[in-house]
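Descriptive structure summary
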Amino acid sequence: MQRRRLKRMLIGAFATCAVLADAGAAAAQAAASNEQVAITTPPAGSAAWVQDRSLGHPLPDPATAAPAAVAAFFATLTAAQQDRLAHSYPLVVGNLDGAPLQLRYRANALAVAQEVEHAKAQAADPSLDATAHALAVSRANDCQALLTPGRQILSFDPRGRGLASEVFGDLATAQRVSVIVPGSDTDLGHFDRTVEPLRSPAGMARALRAEEQRQSPGTSTAVVAWTGYVTPVGLGPDAVTSRLADAGAPRLQRLLAGLAVTSAPAAPPALFCHSYGSVVCGTVAPGLRGETTDLVVLGSPGMGVSSAQDLGTGVHVWATRNPTDWIGNVPYLEVGGLGHGADPTGADFGAEEISSAGAAGHMGYFADGTASLHNFAAIALGDYQAVSYRIS
């Protein structure tokens, strides 16, 4: 009974914050249970891939092969062999961390094009009701946008609400690499918004890279907008537990391991973890080893720990939350698996609290001219002297 009461209290707190943020629809959604199905298995085509012996030996298992082993495997193939695999198994190759970047981009273009045709066929089905028809049309349009020339889609999975990740810049040669880890309500349909672009991972990534180039035009940078896990929808039960973060963390770990063998930046990729994304990053952090990773949390509901020390020695934790962000009204606690622990911007947490002056609301941290965007780029570039801190 106590656990159920606490769950109702936490969900109610999220819903109240939504009302305060003038988001009545979100508040209504928060009151309903909308639990999501986590994606933890390899994409479609993986079973046939594992059974394929056309090269005379087994192909690396997408479920178990380490990215370094994947990279070593592809290094033994001719260009023609690589292209054949990409055409035969576009979803497998496109999502295989450790595979050559350009091959992944080509494979994902094929997979996205196939999904466009599939969605268009669905939309043309006269037996569909209005809702299903609208969803099919939306899926076709969302995927068609990803096929715009020049886009570099690093991963794509049409299952469920859809997952997608995109690279901005030349990831193979970048001196500094950053990864955007988004929070709730992020999926294929909300990956790249034309209206209010900074509410989407792609928009955040574009803004960060533009600021990096402004601050250091001579530095080669790349930013990955990563929507590689199933996020909570609205402010319901998924938002107050770590279930989806626990499922997403291994996928983020594989991404980072893949970047270590397919790109060679001067430092580990910096992680920018927004909202529920900071729960994912908090789950990953203790497993990070080697050179210290910059981990920046913004608008965080907590990281699943009571202090930065609990995240291990492999991360340098930075945190910010602007005064108008409704997330500050959410209870910072964890009891029986509900809630996400201490406030990363709290004085006792141990993170470096940076300024987000000029940012407004929960989604305003990447807005042009804000102290938060300036600081994010400075951290990503390793220019720590240029970082401004919050003044109490």
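Bear in mind the structure is a predicted one, so any value in this text is a computation, not a measurement. Numbering of residues starts from 1 in each chain and follows the order in which that chain's sequence is written. Under the rules for a predicted model, residues below a pLDDT of 70 receive no local features and side-chain atom pairs below 80 are neither given nor counted, while totals for whole chains, interfaces and linings still include all residues. Side-chain measures here rest on the full set of heavy atoms in the structure, leaving out hydrogens and waters.

1. What to know about the pattern of salt bridges
The rule for a salt bridge is simple: a side-chain nitrogen of Lys or Arg has to be within 4 Å of a carboxyl oxygen of Asp or Glu. Considering all chains together, one arrives at twelve salt bridges under this definition. Close ionic contact of Arg-151 with Glu-166 constitutes a salt bridge, the shortest N to O distance being 2.6 Å. Residue Arg-151 is located in the loop between helix 8 (130-146) and strand 1 (152-157), and its partner Glu-166 is located in strand 2 (residues 163-169); the two are separated by 15 residues in the primary sequence. Judged on exposure class, the residue Arg-151 and its partner Glu-166 are both buried. Taking the shortest distance from any N to any O, the salt bridge between Arg-214 and Glu-211 comes out at 2.9 Å. Taken as a pair, Arg-214 and Glu-211 lie in helix 9 (residues 201-215) at a separation of three residues, close to a single helical turn. One network of salt bridges, in which partners are shared, links Arg-151, Glu-166, Asp-192 and Arg-206. We count a stretch as a helix when DSSP gives it H or I for four or more residues in a row; a strand needs E for two or more, and each element gets its number in order from the N terminus. Each residue is placed in one exposure class: buried if its accessible area under a 1.4 Å probe, protein chains only, is under 20% of its type's maximum, exposed if it is over 50%, and partly exposed if it falls in between.

2. Considerations on helix 12 (residues 371-381)
For helix 12, a buried count of ten out of eleven residues is recorded, marking the element as mostly surrounded by other parts of the structure. Residues of helix 12 that are buried include every one of Ala-371, Ser-372, Leu-373, Asn-375, Phe-376, Ala-377, Ala-378, Ile-379, Ala-380 and Leu-381, and no others. Should any heavy atoms of two residues lie within 4.5 Å, those residues are counted as being in contact. Where helix 12 is buried, its residues meet strand 3 (176-181), helix 9, strand 4 (221-227), strand 5 (270-274), strand 6 (293-298) and strand 7 (315-320).

3. Digging into the nonpolar core
What makes a nonpolar core is a set of buried Ala, Val, Leu, Ile, Met, Phe, Trp, Tyr and Cys residues whose side-chain atoms join them at distances within 4.5 Å. With 40 residues, the main nonpolar core has Leu-171, Val-179, Val-181, Trp-226, Leu-252, Leu-256 and Leu-295 as its most contacted residues. When residues in this core are grouped by element, the largest group, seven residues, is from helix 10 (residues 243-262). Those residues in contact with Val-181 that lie beyond four places of it in its chain are Trp-226, Leu-252, Phe-272, Cys-273, His-274, Gly-277, Val-280 and Cys-281. In terms of nonpolar packing, the next biggest core, distinct from the first, is built from 36 residues, Leu-91, Val-116, Phe-191 and Phe-366 among them.

4. Concerning the side chain of Thr-186
Examined against the element boundaries, Thr-186 turns out to sit in the loop between strand 3 and helix 9. Throughout this description, a polar contact denotes any pair of N or O atoms lying within 3.5 Å of each other; where both atoms belong to protein, one of them has to be capable of donating a hydrogen while the other can accept it, and for residues adjacent in sequence the pair is counted only when both atoms sit in side chains. Of note is the side chain of Thr-186, whose polar atom sits 2.9 Å from the backbone oxygen of Gly-183. Contacts of Thr-186, omitting those with residues within four sequence positions, involve Arg-161, Pro-201, Thr-227 and Thr-231.

5. Digging into the environment of Ala-66
Mapped onto the elements, Ala-66 comes out in the loop between helix 3 (46-51) and helix 4 (67-75). Residues Ala-66 and Trp-49, 17 residues apart in the sequence, show an inter-C-alpha distance of 16 Å.

6. Concerning the sheet that holds strand 4
The strands that make up a sheet pair up through hydrogen bonds in the backbone, lying either parallel or antiparallel. Spatially, eight strands are ordered 1-2-4-3-5-6-7-8 in an open sheet, and the strand pairing comes out mixed. Of all strands in the sheet, those bounded by a partner on one side alone are strand 1 and strand 8 (352-353). Sheet topology note: the strand 5/strand 6 ladder contains four bridges and is parallel. Looking at strand 6, one finds that Leu-271 is bridged to Leu-295. Against the sheet, helix 10 engages strand 1, strand 2, strand 3, strand 4 and strand 5, with an angle of about 165 degrees to strand 3. The criterion for strand pairing is that DSSP finds at least two bridges linking the strands in question. Axis definition: a line fit to C-alpha positions, over the contact stretch in the case of helices; interaxial angles, taken between N-to-C directions, run 0 to 180 degrees.

7. Focus on the layout of surface pockets
A cavity here means a set of points on a 1 Å grid, drawn over the protein atoms and nothing else, where a 1.4 Å probe fits but cannot get out; a pocket is an open set with protein on both sides within 12 Å along at least five of seven lines, and a residue lines either one if it has an atom within 4 Å of a point. Grid points are joined across faces, edges and corners, and a volume is the space filled by probe spheres set on the points. Size it by volume and the second largest pocket reaches roughly 460 Å³. Considering the residues around the second largest pocket, the lining is formed by 24 residues, among which Thr-41, Asn-95, Asp-97, Arg-251 and Arg-254 are closest to the centre. Those elements that provide at least two residues to the lining of the second largest pocket are strand 1, strand 4 and helix 10. Here the lining of the second largest pocket takes five residues from helix 10, the largest share from any one element. Of the residues that constitute the lining of the second largest pocket, the class distribution is twelve nonpolar, six polar and six charged. In this count, Pro and Cys sit with the nonpolar residues alongside Ala, Val, Leu, Ile, Met, Phe, Trp and Tyr, while Asp, Glu, Lys and Arg are called charged and the others, Gly among them, polar.

8. Let's talk about the environment of Leu-252
For Leu-252, the position within the fold is in helix 10. C-alpha separation for the pair Leu-252 and Gly-228, spaced 24 residues apart in sequence, amounts to 7.3 Å. Setting aside residues no more than four positions away along its own chain, Leu-252 makes contact with Val-181, Trp-226, Val-280, Cys-281 and Val-284.

9. Some remarks on the packing of helix 5 (residues 79-88) against helix 7 (residues 101-123)
Running from N to C, helix 5 and helix 7 point in directions that differ by 30 degrees, and their axes come no closer than 9 Å. By the angle class used here, helix 5 and helix 7 are roughly parallel. In this structure, helix 5 crosses over helix 7, and the sense of that crossing is right-handed. From helix 5, Gln-82, Asp-83, Ala-86 and His-87 reach across to helix 7, where they touch Leu-103, Arg-106, Ala-107 and Leu-110. Should an angle lie under 35 degrees it is considered roughly parallel, over 145 roughly antiparallel, and from 65 to 115 roughly perpendicular; all remaining angles are considered oblique. By definition, turning the near helix anticlockwise from the far helix through less than a right angle yields a left-handed crossing, and turning it clockwise yields a right-handed one.

10. Focus on the confidence of the model for the protein chain
The pLDDT score gives, residue by residue, the confidence of the prediction method on a 0 to 100 scale. Confidence along the protein chain averages 92 in pLDDT terms, with 91% of residues attaining 70 or more. Here residues 15-32 scores under 50 on pLDDT; set against residues more than four positions off or in separate chains, the count is 22 contacts.

11. Focus on the pairing of strand 4
Burial analysis of strand 4 places seven of its seven residues in the buried class, which makes it a mostly covered element. Side chains Thr-221, Val-223, Ala-225 and Thr-227 of strand 4 all project onto a buried face; the interleaved residues Ala-222, Val-224 and Trp-226 project onto the opposite face, where all are buried too. Here strand 2 pairs with strand 4 via six bridges, running antiparallel. Looking across to strand 4, one finds that Ser-165 is bridged to Trp-226.

12. With respect to the packing of helix 7 against helix 8
Running from amino to carboxyl end, helix 7 crosses helix 8 at an angle of 155 degrees, the nearest separation of the two axes being 8 Å. As far as their axial angle goes, helix 8 and helix 7 are roughly antiparallel. Where helix 7 crosses over helix 8, the handedness of that crossing is left-handed. Across the interface between the two elements, Val-112, Glu-115, Val-116, Ala-119, Lys-120, Gln-122 and Ala-123 from helix 7 touch His-133, Ala-136, Val-137, Arg-139, Ala-140, Cys-143, Gln-144 and Leu-146 from helix 8. Residue composition of the contact of helix 7 with helix 8, grouped by class: nine nonpolar, three polar and three charged.

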